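Residue strings, one per chain:
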Amino acid sequence: MSNLHFPEKSIFICDGSKCGKHKEIRKFLKEAIKDNGLKDRVEIVKIECTDRCKHAPILCFQPQNQWLSDTSIWEVEKVFKKLILEE
């Protein structure tokens, strides 16, 4: 049996040409996961373009299926606290 581990929660981040320009959001999430000791429980997954470029950046928090669009780092921080830290 392998020691393969899957996270409890995932954050999917579109990495298309427009969404990918919002690197500060991915950086914030990586640091927040590390700072809260969640590296084994929460994973960031870069996904291909979601075809919602007019609403970049696009993120999705799973398993809650909470999608964010046209979002700022402050909104991402608020949702991270609610869906990752408080649940």
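Higher on the page you've got the structure.
Residues numbered from 1 in each chain as written. Predicted model: local features only at pLDDT ≥ 70, side-chain atom pairs only at ≥ 80, totals over all residues. Heavy atoms only, no water.

## Examining the packing of aromatic side chains
We describe a pair of aromatic rings using the distance from one ring centre to the other and the angle between the two ring planes.
No. 1: Scanning all chains against the criterion turns up one aromatic pair.
No. 2: Where Phe28 meets Phe80, the ring centres are 6.3 Å apart and the plane angle is 80 degrees; that geometry is what we call edge-to-face. One end of the pair, Phe28, is in helix H1 (residues 23–35); the other, Phe80, is in helix H2 (residues 73–85), with 52 residues separating them in the sequence. Across the pair, exposure class does not vary: Phe28 and Phe80 are buried alike.
No. 3: Directly above the aromatic system of Trp67 lies the positively charged group of Arg52, at a separation of 5.4 Å from the ring centroid. (Phe/Tyr/Trp six-rings, centres within 6.5 Å; stacked < 30°, edge-to-face > 60°. Helix = DSSP H or I, 4+ residues; strand = E, 2+ residues; numbered from the N terminus. Buried < 20%, exposed > 50% of the residue type's maximum accessible area, 1.4 Å probe, protein only. Lys NZ or Arg CZ within 6 Å of the ring centre and 35° of its normal.)

## Description of the sheet that holds strand E3 (residues 59–62)
No. 1: Ordered in space as E2-E1-E3-E4, the four strands form an open sheet in which the pairing is mixed. Either end of the sheet is taken by a strand with one partner, and the two such strands are strand E2 (42–47) and strand E4 (66–68). With strand direction ignored, the average angle separating the axes of adjacent strands in the sheet is 15 degrees.
No. 2: As paired strands, E3 and E4 are joined by three bridges and run antiparallel to one another. Its bridge partner lying in E4, Leu59 is registered against Leu68.
No. 3: Here H1 sits on the sheet and contacts strand E1 (9–14), E2 and E3; the angle it forms with E2, its principal contact strand, is near 160 degrees. (Pairing = 2+ DSSP bridges. Axes fitted to C-alpha atoms, helices over the stretch in contact; angles between N-to-C directions. Contact = heavy atoms within 4.5 Å.)

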